[in-house]
Amino acid sequence: MTGTTQSSIRAFWAVLGRDVFVTGREMPSFLAQVLVQPVALLFIFGKVLGQLGYTQPGYAQILLPGMIALNSFLVALQNTSFPLVLDFSFSREIEDRLLAPLPITWVAVEKMLFGAFRGLFAALLMFPIGLLMLGNVAWDLSGLPFAVLCMVLGSLVGGAVGLTVGAAVPPRRINIMFAVILAPLIFTGASQFPWAQLDQLRWFQVVCAFNPLTYVSEGMRGALLPNVPHMAPWVCLLALLGACVIFGALGIKFFLRRALD
Amino acid sequence: MTAAVEVADLVKHYPKSTRNAVDGLSFRVRHGEIFGLLGPNGAGKTTTVGILTTRIVLTGGSATIGGVDVARDPVAARSKVAVVPQRVNLDRSLNARQNLLFHASYHGIGRSERHALATRLMERMGLADKSKARIDDLSGGQAQRLMIARALIHRPEVLFLDEPSTGLDPQARLFVHDRVNDLRSEGVTVVLTTHDMEEAEKLSDRVGVVDHGRMLTVDTPTALIRSLPGSGTIDARLRPNGFDSDKLTGLLSDIPGVRRVEAPGGSTALDGVSPETELRLYVDGEPGSLLGPIAAKLHDNDITVSDLSLGSASLEDVFIELTGRDLR
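Residues numbered from 1 in each chain as written. Chains lettered and ligands numbered in written order. Predicted model: local features only at pLDDT ≥ 70, side-chain atom pairs only at ≥ 80, totals over all residues. Heavy atoms only, no water.

**Q** Can you tell me about unusual backbone geometry, naming the residues and giving the values?
**A** One non-glycine residue, A190 of chain A, lies in positive phi territory at about 55°. With respect to the element layout, A190 of chain A can be found in the loop between α7 (174-187) and α8 (202-209). Although it is not a glycine, D302 of chain B adopts a positive phi angle of roughly 60°. Position of D302 of chain B relative to the elements: it lies in the loop between α10 (291-300) and β14 (304-312). (Helix = DSSP H or I, 4+ residues; strand = E, 2+ residues; numbered from the N terminus.)

**Q** Tell me what's going on with the pattern of salt bridges, and back it up with residues and numbers.
**A** Pairing between side chains of opposite charge can happen when their charged atoms approach one another. Taken as a whole, this structure holds 24 salt bridges over all chains when the rule is applied. Among the ionic pairs, D91 of chain B bridges to R18 of chain A, the shortest N-O distance being 2.7 Å. Highlighted residues: D91 of chain B in the loop between β6 (81-84) and α3 (96-106) and R18 of chain A in helix α1 (residues 3-25), drawn from two different chains. In this pair, the class of D91 of chain B matches that of R18 of chain A, namely buried. In this structure, the salt-bridge partner of R97 of chain A is D91 of chain B, at a minimum N-O distance of 3.6 Å. Highlighted residues: R97 of chain A in helix α4 (residues 95-98) and D91 of chain B in the loop between β6 and α3, drawn from two different chains. (Salt bridge = Lys/Arg side-chain N within 4 Å of Asp/Glu carboxyl O. Buried < 20%, exposed > 50% of the residue type's maximum accessible area, 1.4 Å probe, protein only.)

**Q** Give a description of the UniProt feature "domain: ABC transmembrane type-2" (unreviewed entry) in chain A that names residues and reports values.
**A** The positions that UniProt labels "domain: ABC transmembrane type-2" (unreviewed entry) are, in the present scheme, residues 29-258 of chain A. Here residues 29-258 of chain A runs as 77% helix and 0% strand, with 28 Å between its end C-alpha atoms. (UniProt positions renumbered as here; feature names shortened; annotations may be inferred.)

**Q** How would you sum up the packing of helix α5 (residues 104-134) of chain A against helix α10 (residues 233-259) of chain A? Please name residues and give values.
**A** Residue and element names in this part refer to chain A. It is at 9 Å that the axes of α5 and α10 come closest, and there the two elements cross at 125°. Comparing the axis directions of α5 and α10 gives the class oblique. Classified by chirality, the crossing of α10 by α5 is right-handed. Here I104, T105, V107, A108, V109, K111 and M112 of α5 lie close against α10, whose contacting residues are G248, I252, F255, L256 and A259. Class assignment for the residues of the contact of α5 with α10 results in nine nonpolar, two polar and one charged. (Axes fitted to C-alpha atoms, helices over the stretch in contact; angles between N-to-C directions. Parallel < 35°, antiparallel > 145°, perpendicular 65-115°, else oblique. Left-handed = near helix turned anticlockwise from the far one by under 90°. Contact = heavy atoms within 4.5 Å. Nonpolar A, V, L, I, M, F, W, Y, C, P; charged D, E, K, R; others polar.)

**Q** Outline the pairing of strand β1 (residues 5-12) of chain B, supporting the account with residue identities and numerical values.
**A** All names here are of chain B. Bridge count between β1 and strand β4 (residues 60-65): five bridges; the pairing is antiparallel. Looking at the pairing, V7 lines up with A63 of β4. One ladder, built from six bridges, connects β1 with strand β2 (residues 22-29); its direction is antiparallel. Across the sheet, residue K12 finds its bridge partner in β2, namely V22. (Pairing = 2+ DSSP bridges.)

**Q** Tell me about the packing of helix α2 (residues 27-51) of chain A against α5 of chain A, and name the residues and values.
**A** Residues and elements named next belong to chain A. Running from N to C, α2 and α5 cross one another at 40°; their axes reach a closest spacing of 10 Å. Judged on the interaxial angle alone, α5 and α2 are oblique. Crossing geometry of α2 relative to α5 is assigned as right-handed. The residues of α5 that touch α2, namely those facing M27, F30, L31, Q33, V34, L35, P38, V39, L42, F43, G46 and K47, are R118, F121, A122, L125, M126, I129, G130, M133 and L134.

**Q** Quick rundown of the layout of surface pockets? Include the residues and the values.
**A** Using a probe with the size of a water molecule, rolled over the atoms, empty space left in the structure can be pinpointed. Taken as a whole, the largest pocket spans an internal volume of roughly 730 Å³. Put simply, the parts of the chain that give the lining of the largest pocket at least two residues each are α4 and α10 of chain A together with α1 (45-52), β6 and α5 (140-152) of chain B. In terms of residue class, the lining of the largest pocket is made up of 12 nonpolar, eight polar and 10 charged. In this structure, the second largest pocket spans a volume of roughly 560 Å³. Taken together, 23 residues line the second largest pocket, and the ones lying closest to its centre are R18, E26, P83 and E93 of chain A together with S93 of chain B. For the lining of the second largest pocket, the secondary structure elements donating two or more residues are α1, α3 (59-91) and α5 of chain A. Residue contributions to the lining of the second largest pocket peak at nine residues, all from α3 of chain A. A per-class count over the lining of the second largest pocket returns six nonpolar, eight polar and nine charged. (1 Å grid on protein atoms, 1.4 Å probe; cavity = no way out; pocket = protein on both sides within 12 Å on 5 of 7 lines; lining within 4 Å. Points joined across faces, edges and corners; volume = space filled by probe spheres on them.)

**Q** Requested: an account of the sheet that holds strand β10 (residues 214-219) of chain B, with residues and values cited.
**A** All names here are of chain B. Strand order in the open sheet formed by six strands is β6-β7-β8-β3-β9-β10, and the pairing between neighbours is mixed. Edge positions in the sheet fall to β6 and β10, since each of these pairs with one other strand and no more. Each neighbouring strand pair of the sheet contributes to a mean axis angle of 20°, computed without reference to strand direction. Sheet analysis places strand β3 (residues 34-38) next to strand β9 (residues 206-211), joined by four bridges and oriented parallel. Note on β9: the bridge partner recorded for F35 is R206. Packing of helix α11 (residues 315-323) onto the sheet brings it into contact with β3, β9 and β10, and relative to β9 it is tilted by some 30°.

**Q** I'd love a proper account of the packing of aromatic side chains, names of residues and values included.
**A** Scanning all chains against the criterion turns up nine aromatic pairs over all chains. Measuring from centroid to centroid gives 5.2 Å for F27 of chain B and F35 of chain B, while their planes differ by 5°, and the two rings are stacked. Of the two residues, F27 of chain B and F35 of chain B, both sit in the buried class. Among the aromatic residues, those joined into a cluster by ring pairs are F12, W13 and W106 of chain A. Between R145 of chain B and the ring centre of F175 of chain B, over which it is positioned, the NZ or CZ distance is 5.1 Å. The residue whose ring lies beneath R260 of chain B is Y282 of chain B, and the NZ or CZ to ring-centre distance is 4.0 Å. (Phe/Tyr/Trp six-rings, centres within 6.5 Å; stacked < 30°, edge-to-face > 60°. Lys NZ or Arg CZ within 6 Å of the ring centre and 35° of its normal.)

**Q** Any chance you could break down α3 of chain B for me, citing the residues and the numbers?
**A** Counting buried positions over the 11 residues of α3 of chain B gives 10, a clear majority of the element. If you follow the buried residues of α3 of chain B, they end up packed against α1 and α4 of chain A together with α4 (111-124) and α5 of chain B. N-capping of α3 of chain B is provided by N95 of chain B, with a side-chain oxygen placed 3.2 Å from the backbone N of R97 of chain B. Trailing α3 of chain B by a residue or two, G108 of chain B shows a phi angle of about 75°, which is positive. (Polar contact = N/O pair within 3.5 Å; in protein donor to acceptor, adjacent residues only side chain to side chain.)

As structure tokens, then:
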């Protein structure tokens, strides 16, 4: 290994260490950011509507894996994209890391990986919260490893999409980012409904197939609740790996375009 | 011995632009030298510094830092340079001291060493009591000094200072100037870009004047001033006694040795009661020898002189002579 590679690896860990340190310091606000929305959704749709008799008894069971999937994907996406939009515009904080002795591609990968870590952490937090809130959860535990795999891949895809969006969206457009990107992703990701049962609503099923989150939700739900109609696991796996590669490459390309003139 | 910075036939063309931002620029900066890069807005200074610090990809030519080609090995080049930008780009999620510590860790400096260096640099930059301060609570001058400390902590071979004293009060400006002079004695090479001619003249060992992406001239400030035609000046304050300014200028320009006459301050009196005019005469050779002829000529024309004083041209005169008076 050359000296440059060694110093690049050291710099990569130091840059990652900075993000871990900052997250540790901002833990309360981070928790609020990642938990309020999914907990509220789970509470209203899984608990309140159920007790009022507006949803069928099994609905909360279908919802929980979807909420975990949603958190893994969306928290990773948001935590990569929002800071990046700011970093590249008025704060220019990232310049110090772009001038560190490591390839700029690695800085992009670090951003993506760290966003994915945060997504994964948020998704893991949903397990105990869901169990506490819903009381009994009838999961097939043999499917847990595959569910976790989907969750990990979901976080990575979230980070990759976040890198793409964060490097592509100009700062003055950040306010419409929520309306035109995040909201559609939340509601077309099969996290509140099983995708396989959408055959009566064909066009919507097709729309959902374009959202990577659909494959995280379907993969997790299929593994944990095998009796609910679901997409084939290999399709989920392939789609998530594909999305990882495509958005990862696209994100790095956009990042380099913003970082270098 | 290799130069600290070597730029040869450097070209940068931005995709949407009609002309080259940097257009065949060449210069060398020696080790331990303070080099001033001067030029009007849009001359290509920032682009050149951007290329040397690996943030801008060059279109043609070559640029090396301590023998390392910035285009071929940007990662190695980044460990040799440091930049103090004009705009604050400190990490707002960290406090003042942490900004130094994390920067040092990106550059692979071990834990105990970076703590010792951070303490020393914070002290040297007059920030010892600010180590826990949030970035948003620092004044402009403090943020600037913290950025200089951050730049120095990984012991760069070449430090780039972009407009180091823009927006600073005179005290902070002097402090920064003193620190830059300290760097000279420590053998750190400094490249500074500035519009402030006085600053450039005071700090730089040599200056290069850039315009339209090309290097117009490189030399020591003294040599540049000396090379300027009409580099001596005589400032005259007088009552024109009915002469209008064109006639007055013509009268004085006729004196052998006077190259041109300008009215920098214009007329100073308001009501025409006793209008006093200030003129600056640019002269060749020793200005003192022309005092007599000028005084005599004015006296012959019944023009009252209240002051005649000697001066010399400044770097600003050189700059204007080379780059013109047009606004950019």
